[in-house]
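Here is how the chains run, residue by residue.
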Amino acid sequence: YDYSGNPNLMCVLKASDFRREGNSDVLISDVGHNSIRLTSQGVNRLSAYTETNMPSLVTGKTYSISAKVKIEEGTTGDIDQLRVAYRKTKDGTVLLTAISDGAVVDKEIIIKGTATVNYEISELSRFYLEIKAVSTTGIINGSVIVSDVKIEEGSTVTPYQPNLLDEPYYLSKIP
């Protein structure tokens, strides 16, 4: 990993941290370390969110979010726009978002977004990550792989690196 960039504030993605949203037919599975596959049968909107609390961000600061997205071969439907968003509850406000624009089947792309995070502490109960198809219907028949989500302070997106505060033991060659 290239550690010359900004530190990664995001924790590792695991399928067990995600839940389907509403009547979504998405199935969520691990692909490898920090990589999940979302598979939909084309019945309802592709939409999933983390049930576990994500790392907190400081209000008033600028952050960037990036993720690797790959739409697997044979996938059809509304694949043109997939969103990875960092949100807060009580009202589900999107604080950071990265949207794929013109994604191509069987090609991995990096999506990015930058914003100044603003929220009232009194309106906050937790932060969570959402992965969703944002087109009109959001119906996808097939699989999407999302990996290496990085949230970093500042407006410049730097190469992915693990969160060293989350799993510092990944620095060695031996686990």
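To be clear, the structure that these remarks concern was listed above.
These remarks concern the structure in this document. (Residues numbered from 1 in each chain as written. Predicted model: local features only at pLDDT ≥ 70, side-chain atom pairs only at ≥ 80, totals over all residues. Heavy atoms only, no water.)

### Some words on the environment of threonine 93
Here is the rule: Under the DSSP-based scheme used, a helix requires at least four consecutive residues in state H or I and a strand at least two consecutive residues in state E, with every element numbered from the N terminus. Only heavy atoms enter the contact rule, under which two residues are in contact if any of them lie within 4.5 Å.
On the secondary structure map, threonine 93 appears in the loop between strand 7 (82-89) and strand 8 (94-99). Non-local contacts of threonine 93, meaning those with residues more than four positions away in its chain, are made with Tyr86, Arg87 and Lys88.

### With respect to the pattern of salt bridges
Convention followed: Each reported salt bridge corresponds to a side-chain nitrogen of Lys or Arg within 4 Å of a carboxyl oxygen of Asp or Glu. Burial classes follow relative accessibility: with a 1.4 Å probe on protein chains only, a residue under 20% of its type's maximum area counts as buried, one over 50% as exposed, and anything between as partly exposed.
Applying the stated criterion across every chain, the model contains 10 salt bridges. Measuring nitrogen to oxygen at the nearest pair gives 3.0 Å for the salt bridge that ties arginine 19 to glutamate 51. In this pair, arginine 19 is assigned in strand 1 (residues 18-20) and glutamate 51 in the loop between strand 4 (47-50) and strand 5 (62-71), connecting sequence segments 32 residues apart. Residue arginine 19 is classed as partly exposed on the basis of its relative accessible area, which comes to 34%. When its relative accessible area of 43% is taken as the criterion, glutamate 51 is described as partly exposed. A salt bridge links glutamate 130 to lysine 132; the nearest nitrogen and oxygen atoms lie 3.7 Å apart. For the pair formed by glutamate 130 and lysine 132, the shared burial category is buried. Each of the salt bridges in this network shares a partner with another, and the network as a whole consists of Glu21, Arg83, Arg87, Glu130 and Lys132.

These values are about where atoms sit, not about what they do.
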